[in-house]
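Structural features, examined
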Amino acid sequence: MIPEIPAHLSIDELDALHDGSASPRATSHIATCLQCTNLLAQDRRVLALLAALPTWDASPRLAVRVLAELHPHPTLAPAATPGSTADRAMAARRRVMVGGLLTGSLVTAGCAWAAFNPTTAAGLAGPIVQEVTHALWLAVQAVTANTLEQPWFGAVRDALATPARAVPLLAVAGLTYVAVLIGFRKVLSRSVTRASW
Amino acid sequence: MTLPTPVDWRMLTDQEVVRHAVLGREVAYQELMRRYQRPVFSLIYRMVRNRELAEDLTQETFIKVLGAIESYRPEYRFSSWIFKIANNASIDQLRRRALDTLSLDGSPHAETPDAIEATSLQIRDATESPLDEVANRELGAQIEEAIGQLRPEYRSCILLRHVEGRPYEEIAEILDLPLGTVKTYIHRARNELRILLADLHEE
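Residues numbered from 1 in each chain as written. Chains lettered and ligands numbered in written order. Predicted model: local features only at pLDDT ≥ 70, side-chain atom pairs only at ≥ 80, totals over all residues.

Here the focus is the overall build of chain A. Looking only at helices and strands, one finds eight helices and zero strands in chain A. Its helices and strands taken in sequence order, chain A reads α-α-α-α-α-α-α-α from the N to the C terminus. A buried classification covers 7% of the 197 residues belonging to chain A. In chain A, 20% of the contacts between residues at least 6 apart in sequence involve partners at least 24 apart. (Helix = DSSP H or I, 4+ residues; strand = E, 2+ residues; numbered from the N terminus. Buried ≥ 20, exposed ≤ 12 C-beta atoms within 10 Å, placed from the backbone. Contact = placed C-beta atoms within 7 Å.)

Moving on to the interface of chain A and chain B. Contacts between chain A and chain B engage 32 residues on the former and 42 residues on the latter. Looking at the side of chain A that touches chain B element by element, the count peaks at eight residues for helix α3 (residues 34-51) of chain A. Among the residues forming the side of chain A that touches chain B, the class breakdown is 18 nonpolar, nine polar and five charged. (Nonpolar A, V, L, I, M, F, W, Y, C, P; charged D, E, K, R; others polar.)

What follows deals with the nonpolar core. Soluble globular proteins: nonpolar side chains tend toward being buried together. In this structure, Ala 21, Leu 32, Ile 44, Leu 66, Ile 82, Ala 86 and Cys 157 of chain B are the most contacted members of the largest nonpolar core, which totals 54 residues. Beyond its immediate stretch of four places on either side in the chain, Cys 157 of chain B contacts Ile 171, Val 182, Tyr 185, Ile 186 and Ala 189 of chain B. Listed in part, the five residues of the second largest apolar core include Leu 9, Leu 14, Leu 17 and Cys 36 of chain A. (Core = buried A, V, L, I, M, F, W, Y, C linked by C-beta atoms within 7 Å.)

On average, residues of chain A score 81 in pLDDT, and 84% of them are at 70 or above. A low-confidence stretch, residues 73-82 of chain A stays under pLDDT 50, and its non-local contacts, those more than four residues away or across chains, total 14 contacts. (pLDDT = per-residue confidence, 0-100.)

Put simply, helix α4 (residues 62-70) of chain A and helix α2 (residues 26-48) of chain B touch, their axes get as near as 11 Å, and they point 140° apart. Accordingly, the angle class assigned to the pair α4 of chain A and α2 of chain B is oblique. The hand of the α4 of chain A/α2 of chain B crossing is right-handed. On α2 of chain B, the residues that touch Leu 62, Ala 63, Val 66, Leu 67 and Leu 70 of chain A of α4 of chain A are Glu 26, Tyr 29, Gln 30, Met 33 and Gln 37 of chain B. For the contact of α4 of chain A with α2 of chain B, the residue count by class is seven nonpolar, two polar and one charged. (Axes fitted to C-alpha atoms, helices over the stretch in contact; angles between N-to-C directions. Parallel < 35°, antiparallel > 145°, perpendicular 65-115°, else oblique. Left-handed = near helix turned anticlockwise from the far one by under 90°.)

With that settled, the discussion passes to α3 of chain A. All names here are of chain A. For α3, spanning 18 residues, the distance from its first C-alpha to its last is 26 Å, which sits close to the expected 26 Å at 1.5 Å a residue. Those residues of α3 that sit buried are Cys 36, Asp 43, Val 46, Leu 49 and Leu 50. Buried residues along α3 cover an arc of 145° about the axis, so they all sit on one side. Exposed side chains of α3 directed beyond 90 degrees from the buried face belong to Leu 34, Asn 38, Ala 41, Ala 48 and Ala 51. (Expected span 1.5 Å × (residues − 1). Arc of directions from axis to C-beta.)

The subject of this paragraph is the environment of Leu 160 of chain A. With respect to the helices and strands, the residue Leu 160 of chain A is situated in the loop between α7 (153-159) and α8 (163-189). Apart from the residues lying within four places of it in its own chain, the contact partners of Leu 160 of chain A are Arg 165, Ala 166 and Leu 169 of chain A.

With that out of the way, let us pick up unusual backbone geometry. Residues and elements named next belong to chain B. Of note, the phi angle at Arg 49 is positive, near 60°, even though the residue is not glycine. One can find Arg 49 in the loop between α2 and α3 (51-67). A residue is classified by how many C-beta atoms lie within 10 Å of it, and Arg 49, with 24 of them, is buried. In this structure, Asp 176 takes a positive phi of about 55° despite not being glycine. Its location among the elements puts Asp 176 in the loop between α8 (168-175) and α9 (179-196).

Turning our eyes to something else, we now look at the packing of helix α1 (residues 14-22) of chain B against α2 of chain B. All names here are of chain B. The geometry of α1 relative to α2 is characterised by a closest axis approach of 7 Å and an angle of 140° between their N-to-C directions. What the angle tells us is that α1 and α2 run oblique. In this structure, the crossing between α1 and α2 has a hand that is left-handed. On α2, the residues that touch Val 17, His 20 and Ala 21 of α1 are Ala 28, Tyr 29, Glu 31 and Leu 32. Taken together, the residues that form the contact of α1 with α2 break down as five nonpolar, one polar and one charged.

As structure tokens, this is what we get:
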């Protein structure tokens, strides 16, 4: 008959051995199982190394910054340090403003140039406008033809035939659209970092 | 007429300090920050491995917690609440940025020796000799490196359990995980650390 091999230590039994509250089974098992004895020794070493790790100190100004943010007060407000969040936000705002000014200046300059050179501007823009208009008209035609060929088009046309039928239907559709839009906005703005339980 | 006795903040429980904070007492805010600044910063720093970022996230965590102090539910531990927010902030950050650069040697953005020193993980004890200091610094660096190689969820679990000393039940509360899952994660993390630190065992 083959002797039954006792099961190795479970997570709880291993923890109990670390705490000094091991069950008699765990104690007797560890006395006979070389594998678990080695595991326990290595585990103890890892735990000792982890326990010896230092804790880190944040900057002494952190508390001042937090309190200033919570209770804005001139005497508590810290001077902005290079690379702080406030600095970065200000730099981002500055970049947006510079970008906006640059774009605005370019558009204004373009309009001014076109006003003083109408013939050249029309000569340059004419073919482009013509091409774009033609492409748009083709797109409208395609969408219309495609819609008219749809099997559901007849039913929709009948449903919208009289204002008495069309108004409630359009109202429901509009409300559904708004609800979906709000729902999406809420889902997308959600973050796992939140202060509530 | 008797004067009100001054509050001995150190003797109060977290829940009692929070009650004062809800009333808007700034000293209570300061006391909560004094209690949790180091552990929260340490946890975040070890999660994101960048000092500047850890400072920002710690600040964000305290502003969230103290700004919403009225919504704290006293049936839970205050530590669970603050660690939960700190851990979520770190995980959010790790998702946004793949921070695979080890910052033991300082932030990759640090350009001057002072900045490198300021942004590196400091592993030092004032009482040790220069030789011990070098050895301990190397040892500490290897452990930090090994922790940094763990999956973020294992890292949270192992840091909360074996560095911060939080009980399993509280970790389950912090991470919104079943107790069994927390135990399994910690066990697996320890297994991985045993393998990663095998060289140290043999020395």
